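Structure at a glance
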Amino acid sequence: MKPGPAADVPPLPFSLTLRDGTRILVRYLQPSDREELRRGFLRLSAVSRWLRFASPIRRLNEGQLRYLTEVDQVDHIAVGARDEGHPDKPGVAVGRCIRFKRDPAVAEFAITVVDDYQDRGIGILLLRVLMAAAAPQGIRTLRGFVLGTNRRMLHVLGKLGARLQPQMGGMIEADIELAP
């Protein structure tokens, strides 16, 4: 599976087959996903947690789970992917973007893919889903902050034509411009 541009992303929810044959379901996150998100987070390696959060988070507390699942899908858009062939497993990836209050045309994005599903094209797919979902909400730029050592994510961002700017502390600011 090779995801096309954001304009080619079907409306949510949708299923598709990845290039390795894995069938995934992509849909908006809901408050009822709280426990599944907790279980999925525990499947992340310490390295993946560090690359995503730039801090040594071991588990998500109740406030974090509420913040991550009780979203309005306008100013805070969150999508998840699950492996349809393994309904016993929690979700395999989450993508989100949160609109900046000081600049409502910009939203910070983040993508998390559990370790055993990385390098299958899910990260770029979720970014394209976020691009398609954010543009109709008036968001014109998705901005992410990525550790300079996160080569996988920097590769994905390069495929999407993101503008990359080094920041202090080894971070890279990545801007993806959205079509209106």
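Figured I'd write up the structure that's included with this text. Bear in mind that the values here come from a model prediction, so they are computed numbers and not experimental data.

Some details on the nonpolar core
By size, the foremost hydrophobic cluster in this structure holds 54 residues, and its most contacted members are Val26, Phe109, Ile122, Leu127, Leu142, Leu157 and Ile176. A per-element tally of this core places helix H4 (residues 122-134) first, with 10 residues. For Phe109, the residues in contact, after removing those within four places along its chain, are Arg96, Cys97, Leu127, Leu130, Leu142, Arg143, Gly144, Met153, Leu157, Ala174 and Ile176.

Here's the deal with the side chain of Asp83
Following the sequence through the fold, Asp83 ends up in strand S3 (residues 76-83). Among buried charged residues, Asp83 stands out as having no salt bridge; its nearest opposite-charge side chain is Arg120, 5.1 Å away. In this structure the side chain of Asp83 is engaged in a polar contact, spanning 2.5 Å, whose partner is the side chain of Tyr117. Sequence-distant contacts of Asp83, defined by excluding residues within four places in its chain, comprise Thr22, Arg23, Ile24, Val92 and Tyr117.

A word on the packing of aromatic side chains
The tally for this structure, following the rule as stated, stands at 0 aromatic pairs. It is Arg102 that lies over the ring of Phe100; its NZ or CZ is 4.7 Å from the centre. Here Arg120 stacks its cationic end above the ring of Tyr117, 4.3 Å away from the centre of that ring.

Comments concerning unusual backbone geometry
The omega torsion across Leu12 and Pro13 is -5°, close enough to zero to call that bond cis. The residue Pro13 is located in the segment before strand S1 (14-17) in this model. Of note, Gln73 is a non-glycine position whose phi angle comes to about 60°, a positive value. Secondary-structure assignment places Gln73 in the loop between helix H3 (62-69) and S3. If you check the backbone angles, Asp119 has positive phi at about 65° while not being a glycine. Tracing the sequence through the fold places Asp119 in the loop between strand S5 (106-113) and H4.

Observations concerning the side chain of Arg143
With respect to the element layout, Arg143 can be found in strand S6 (residues 141-147). Classification of Arg143 by relative accessible area gives buried; the value is 18%. There is a polar contact of 3.5 Å between the side chain of Arg143 and the side chain of Glu173. Other than its neighbours up to four places away in sequence, Arg143 contacts Phe100, Val106, Ala107, Glu108, Phe109, Glu173, Ala174 and Asp175.

What about the pairing of S3?
Counted residue by residue, S3 has 8 buried out of 8 residues, so it is predominantly covered. Burial along S3 is two-sided: the face carrying His76, Ala78, Gly80 and Arg82 and the face carrying Ile77, Val79, Ala81 and Asp83 are both buried. Pairing of strand S2 (residues 23-28) with S3 involves 5 bridges; the strand directions are antiparallel. The partner of Arg27 across the bridge, within S3, is Gly80. In the sheet, S3 pairs with strand S4 (residues 93-99) via 6 bridges, with the strands oriented antiparallel. Across the sheet, residue Ile77 finds its bridge partner in S4, namely Cys97.

Concerning the sheet that holds S3
Read from one edge of the open sheet, 8 strands run S1-S2-S3-S4-S5-S6-S8-S7, paired in mixed fashion. Of all strands in the sheet, those bounded by a partner on one side alone are S1 and strand S7 (163-166). Averaged over all pairs of adjacent strands, the angle between strand axes in this sheet comes to 25°, irrespective of strand direction. Relative to S5, S4 is paired through 7 bridges, and the arrangement is antiparallel. Pairing of Arg96 across the sheet is with Ala110, part of S5. Across the sheet, H4 is in contact with S1, S2, S3, S4, S5, S6 and strand S8 (171-177); its angle to S5 comes to roughly 155°.

Conventions used here
- Residues numbered from 1 in each chain as written.
- Predicted model: local features only at pLDDT ≥ 70, side-chain atom pairs only at ≥ 80, totals over all residues.
- Heavy atoms only, no water.
- Core = buried A, V, L, I, M, F, W, Y, C linked by side-chain atoms within 4.5 Å.
- Buried < 20%, exposed > 50% of the residue type's maximum accessible area, 1.4 Å probe, protein only.
- Helix = DSSP H or I, 4+ residues; strand = E, 2+ residues; numbered from the N terminus.
- Contact = heavy atoms within 4.5 Å.
- Lys, Arg positive; Asp, Glu negative; His and termini not counted.
- Salt bridge = Lys/Arg side-chain N within 4 Å of Asp/Glu carboxyl O.
- Polar contact = N/O pair within 3.5 Å; in protein donor to acceptor, adjacent residues only side chain to side chain.
- Phe/Tyr/Trp six-rings, centres within 6.5 Å; stacked < 30°, edge-to-face > 60°.
- Lys NZ or Arg CZ within 6 Å of the ring centre and 35° of its normal.
- Pairing = 2+ DSSP bridges.
- Axes fitted to C-alpha atoms, helices over the stretch in contact; angles between N-to-C directions.

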